[in-house]
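Listed here are the chains, written in short residue letters.
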Amino acid sequence: MINIKIFDSIIDENIINEIKDADWCSDLIQYATLKCKISGLIAAAYLF
């Protein structure tokens, strides 16, 4: 069996409180999908 390492995100989950116009969304995924174009999200997903 292969061991899988799980790492915490390098981004603090409370960063959403520092984004001025993000008070309407519940998490960063919702904010990203509604504010960004899909091509940008795919590029970011590929990068990370």
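Above this text you will find the structure in question.
It should be emphasised that the depicted structure is a prediction, and the values quoted were computed from it without experimental measurement. (Residues numbered from 1 in each chain as written. Predicted model: local features only at pLDDT ≥ 70, side-chain atom pairs only at ≥ 80, totals over all residues. Heavy atoms only, no water.)

> I would appreciate a short explanation of the overall build of the protein in the present structure.
For the protein, the count of helices and strands is 2 helices and 0 strands. For the protein, the residues scored as buried account for 8% of the 48 residues in total. Summed over all atoms, the accessible surface of the protein reaches about 4,900 Å², with 61% contributed by carbon and sulfur. Across the protein, 4 positive and 7 negative side-chain charges occur, with their mean positions spaced 11 Å apart. (Helix = DSSP H or I, 4+ residues; strand = E, 2+ residues; numbered from the N terminus. Buried < 20%, exposed > 50% of the residue type's maximum accessible area, 1.4 Å probe, protein only. Areas by Shrake-Rupley, 256 points an atom, 1.4 Å probe, with all protein chains shown as cover. Lys, Arg positive; Asp, Glu negative; His and termini not counted. Charge placed at Lys NZ, Arg CZ, Asp CG, Glu CD.)

> Help me out: how do you make sense of a nonpolar patch on the surface in this one?
Together, Ile10, Ile11, Ile15 and Leu28 line one region of the surface with nonpolar side chains, adding up to about 370 Å² of accessible area. Looking at where leucine 28 falls in the secondary structure, it is placed in helix α1 (residues 28–35). Leucine 28 sits in the partly exposed class, given a relative accessible area of 30%. (Patch = residues over 30% accessible without salt bridge, like charges linked within 9 Å, V, L, I, M, F, W, Y side chains within 5 Å. Salt bridge = Lys/Arg side-chain N within 4 Å of Asp/Glu carboxyl O.)

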